[in-house]
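Descriptive structure summary
Residues per chain, in single letters:
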Amino acid sequence: MSSTLYVPRDAGALSLGAEDVARAIQHEAAIRGMELVVKRNGSRGLYWLEPLVEVDVDGKRYAYGPVTVQDVPELFDADFLNNGSHRLALGLTESIVHLRSQQRLTFERVGVIEPDSLDDYLAHGGYLGLRSALSLKPAEIVQAVTDSGLRGRGGAAFPTGIKWKTVLDTQAAQKYVTCNADEGDSGTFADRMLMEGDPFVLIEGMTIAALAVGATRGFIYLRVEYPHAHRALTKAIDIAYEQHYLGENILGSGHRFDLEVRLGAGAYICGEETSMLESLEGRRGEVRVRPPLPAVKGLFGQPTIVNNVISLASVPIILAKGADYYRGFGVGRSRGTLPIQLAGNLKRTGLVERAFGITLRELLYEYGGGSASGRPLRAVQIGGPLGAYVPASQFDTVVDYETLSGIGALLGHGGIVAFDDTVDMARMARYAMEFCANESCGKCTPCRIGSTRGVEVIDRILAGVDRAGNVQLLEELCETMAEGSLCGLGGMTPFPVRSALGHFRDDFMKPR
Amino acid sequence: MSDPIDVILDRYRAQPGPLLQVLHAIQAELGYIPEQAVPQIAAGLNLSRAEVHGVISFYHYFRRTPPGRYVVQVCRAEACQSMHSEQLIAHIRNRLQIDFHETTPDGAFSLEPVYCLGNCACSPAMMIDGELYGRVSPASFDAVVAARERKS
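Report follows, based on the coordinates. Numbering of residues begins from 1 in every chain and follows the order in which that chain's sequence is written. The order in which chains are written sets their letters, starting at A; the order in which ligands are written sets their numbers, starting at 1. Note on the predicted model: pLDDT of at least 70 is required for a residue's local features to be given, and 80 or more for side-chain atom pairs to be given and counted; whole-chain, interface and lining totals, by contrast, use all residues. As a rule here, side-chain values cover all heavy atoms of the structure and leave hydrogens and water aside.

1. Focus on the interface of chain A and chain B
We call two residues in contact whenever any of their non-hydrogen atoms come within 4.5 Å of each other. The interface is formed by 61 residues belonging to chain A together with 38 residues belonging to chain B. With both sides pooled, the region where chain A packs onto chain B buries about 3,600 Å², and carbon together with sulfur makes up 58% of that total. Once two parts are put together, the accessible area they lose, assessed with a 1.4 Å probe and summed over both, is termed the buried area. Considering only the side of chain A, the residues that lose the most area to chain B are Ala265, Arg284 and Tyr431 of chain A, jointly responsible for 16% of the buried surface there. Take a side-chain nitrogen of Lys or Arg and a carboxyl oxygen of Asp or Glu: if they are within 4 Å of each other, that pair is a salt bridge. Applying the counting rule to chain A against chain B returns zero salt bridges. Going along the chain from the N terminus, every DSSP run of H or I of four or more residues is numbered as a helix, and every run of E of two or more is numbered as a strand. Those elements giving two or more residues to the side of chain A that touches chain B turn out to be α1 (11-14), β7 (217-222), α11 (227-242), β8 (258-263), α12 (273-280), β12 (337-344), β16 (415-420) and α17 (425-439) of chain A. Of the residues forming the side of chain A that touches chain B, the biggest block, five residues, is contributed by α17 of chain A. Put simply, Ala, Val, Leu, Ile, Met, Phe, Trp, Tyr, Cys and Pro go in the nonpolar bin, Asp, Glu, Lys and Arg in the charged bin, and everything else, Gly too, in the polar bin. Taken together, the residues of the side of chain A that touches chain B sort by class into 30 nonpolar, 19 polar and 12 charged.

Here is the structure:
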């Protein structure tokens, strides 16, 4: 009888040697004359345990990790295929405390199934949302998404159902559904994990969106830095076409939906929705002036849904289990679950999907285990390079849209990057301006010129030149950028700069 | 034999908004987008040369010079900085004896900055020709580079 085991092919797991581990396991099994089926799943998101190998024993999955090539012969000696004890043994995967305490809705299948198996997807509740949507009128689908309370997980937190309603109510011969998979924020990887680990859920979500608004064509705008996700999506789309989940007659319903992946080319600004649309049209990713909104006049001038990967991937479960089910998670106006990404200087980095309402401290210490370096945590940046730095004194803040905005921070795409006490916050502020200068599309002056001047002003402060005067100038510059920029790049770069200046002013004033 | 750029133009011409796809295909084929290709692309897609040039120069990913045999992309973003990527980058510059956007004199390695590879749970990160590496240390970088040097 052959044994079945799982070795992730998530890019993060591969970056830690998962491919070599998979090969070593097969090699060792061959030497020992054992029959093995090695399945390649996504990642559970417990990156401190990657490569995380799971063995299937009587339908239950037991985990071992982090496994190196050198550990493999030992694991066989310990009879790990039958859940034998070993120093890397973690017990039942679903009982690992940092996983068990999560509420995995959007990520329920990620790390569980084989991403390129439609059968696996169907066996784990896949396409129930689409089947439900096919029995509803477009307005009823939109209403379900509105009732669920889902807000855009890309960062802007705009109610998804409201956006869809605008597209539904706008008359046009051609409408589009686009997925913003240009996950450029440092500290975020939820989109990548989902696209690599469960690509069908995104395809299903986009198909439901198309039915809801009457769109027949969709594009996933994927960043070129994600080649693994590109392969996973392309393969899943091909299978979906073959099995009539995409194409001219979806599941015999008479509805058509065509979907393709388009690659970005290393421009951070293309994560801004109008810039993304320009890029999809084959142009420089310069932002458009709004109005008109993309929902009215978007891709090629037609009504267009632009949603983030996680927003779209959350739609199938809403349709499958009902708006009330999804809405039952969360607090206040932040409904449902949030896939939080713990990154940077933490012992236990990875993905934590929980209902809104958890505090930063729980995330950083109970999940994250404190700093990787063993030094005290000094600050975290939430929401990517345009997010504020939050000092340790505010770690009791609840992570939801409204509470964070109450302390001058923002949630963004849910990435949290932790820094220990060796961080130089004046340098991080300078980096924020430098990044903005590097990535500005150049269309508006406050962003294009302001960011370059911002670097220069901070350099003068660091050099000790008229510190008080230059700090004042920096504050005024931030105000100009925040008030006068066309989009979030120039408009939000002041978040990291002002928060660094506000909470860590000593770093700007110390002699260097 | 037909010209590879003409083949690519034929393949994508009928698509809506095809310029980025064309540029990606050319770079995948040739490693970069030669200056001489600009008029050909413009004519093939009924665009001005300025439009084509504008798009090539807008996107960091598109190269206008031939790359080394291996392109090393090192992440400079915040999560990797929190795990001391600046020290790693100093080591890499020293080991390869080049700065960002440069290629080693023997044509083996090009060094490019990248702003996030989505491997922020395993910082610092780098990618070499699509292969991702996490928790990169100076020693593990040297081992990866030495393996590539042996291959070439």
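What follows continues from the structure just given.
2. Some words on the sheet that holds strand β6 (residues 176-181) of chain A
Sheets are built from strands paired through backbone hydrogen bonds, the pairs being either parallel or antiparallel. Residue and element names in this part refer to chain A. A pair of strands is considered paired only if DSSP assigns at least 2 bridges between the two. Across the sheet, four strands lie side by side as β8-β7-β6-β9; this open sheet has parallel pairing. Strand pairing shows two members of the sheet lacking a second neighbour, β8 and β9 (304-308), which therefore form its edges. Averaged over all pairs of adjacent strands, the angle between strand axes in this sheet comes to 20°, irrespective of strand direction. In the sheet, β6 pairs with β7 via six bridges, with the strands oriented parallel. Bridging from a neighbouring strand, Thr178 pairs with Phe219 of β7. Angular values range over 0 to 180 degrees, each being the angle between N-to-C directions of two axes fitted as lines to C-alpha atoms, with helices fitted over their stretch in contact.

3. Details of the packing of helix α9 (residues 190-197) of chain A against helix α13 (residues 309-321) of chain A
Residues and elements named next belong to chain A. Closest axis-to-axis distance for the α9/α13 pair is 9 Å, and the angle between their directions is 45°. As judged from the angle between their axes, α9 and α13 are oblique. Helix-helix and strand crossings are classified by hand; for α9 and α13 the assignment is left-handed. Each of Ala190, Asp191, Leu194 and Met195 in α9 lies in contact with α13, whose residues at this interface are Val309, Ile310 and Ala313. Here the contact of α9 with α13 is composed, by residue class, of six nonpolar, no polar and one charged. Orientation categories follow fixed angle ranges, with anything under 35 degrees roughly parallel, anything over 145 roughly antiparallel, 65 to 115 roughly perpendicular, and all other angles oblique. What makes a crossing left-handed is the near helix being turned counterclockwise from the far one by less than a right angle; a clockwise turn instead makes it right-handed.

4. Some remarks on the pattern of salt bridges
All names here are of chain A. With the rule as written, the count across this model stands at 43 salt bridges over all chains. We note a salt bridge from Arg288 to Glu278, for which the minimum N-O separation is 2.6 Å. Placement of the pair is Arg288 in the loop between α12 and β9 and Glu278 in helix α12, with a sequence separation of 10 residues. Glu278 carries the same exposure label as Arg288, and that label is buried. The partner of Glu281 in a salt bridge is Arg288, and the shortest N-O contact between them spans 2.8 Å. Through salt bridges that share partners, Glu278, Glu281, Arg283 and Arg288 make up one connected network. Categorising residues by exposure relies on relative accessible area from a 1.4 Å probe, with only protein chains included: less than 20% of the type maximum marks a residue as buried, more than 50% marks it as exposed, and the intermediate range marks it as partly exposed.

5. Thoughts on the sheet that holds strand β1 (residues 70-75) of chain B
All names here are of chain B. Sheet architecture is open: five strands sit in the order β2-β3-β1-β4-β5, paired in mixed fashion. A strand with exactly one partner marks an edge of an open sheet, and here the two such strands are β2 (102-103) and β5 (131-133). Pairing geometry for β1 and strand β4 (residues 126-128), over three bridges, is antiparallel. When the bridges of β4 are listed, Val74 appears paired with Met126. Helix-sheet contacts for helix α7 (residues 138-151) involve β1, β3 (109-114), β4 and β5, and the interaxial angle to β4 is about 5°.

6. Describing the nonpolar core
Counting 155 residues, the largest nonpolar core has Trp164, Leu202 and Ile220 of chain A together with Ile41 and Tyr59 of chain B as its most contacted members. In this document the domain limits rely on a domain assignment from an automatic tool or a database. No fewer than three residues from each of domain 1 (4-58) and domain 2 (70-151) of chain B sit in this core. In this structure, Leu202 of chain A is in contact with Cys179, Leu194, Met195, Ile220, Leu233, Val309 and Leu312 of chain A, ignoring residues within four places of it in sequence. In terms of nonpolar packing, the next biggest core, distinct from the first, is built from 25 residues, Leu338, Ile340, Val380 and Phe395 of chain A among them. Remark: nonpolar core denotes a set of buried residues (Ala, Val, Leu, Ile, Met, Phe, Trp, Tyr, Cys) joined through side-chain atoms within 4.5 Å.

7. Here we look at helix α2 (residues 18-31) of chain A
The periodicity of an α-helix, 3.6 residues per turn, causes residues three or four positions apart to be oriented the same way. Residue and element names in this part refer to chain A. Here the expected length of a helix is defined as 1.5 Å per residue gap, with one fewer gap than residues. With 14 residues, α2 should cover 20 Å at 1.5 Å per step; its first-to-last C-alpha distance of 20 Å lies within 8% of that length. Among the residues of α2, Ala18, Val21, Ala22, Ala24, Ile25, Glu28 and Ala29 are the ones counted as buried. Looking straight down α2, one finds that the buried residues subtend no more than 165° of arc, so they occupy a single side. Facing away from the buried surface of α2 by more than 90 degrees, the exposed residues are His27, Ala30 and Ile31. Of the surrounding elements, those touching the buried residues of α2 are β1 (3-6), α1, β2 (36-39), β3 (53-57) and α3 (72-77). Directions pointing from the helix axis toward each C-beta atom define the arc.

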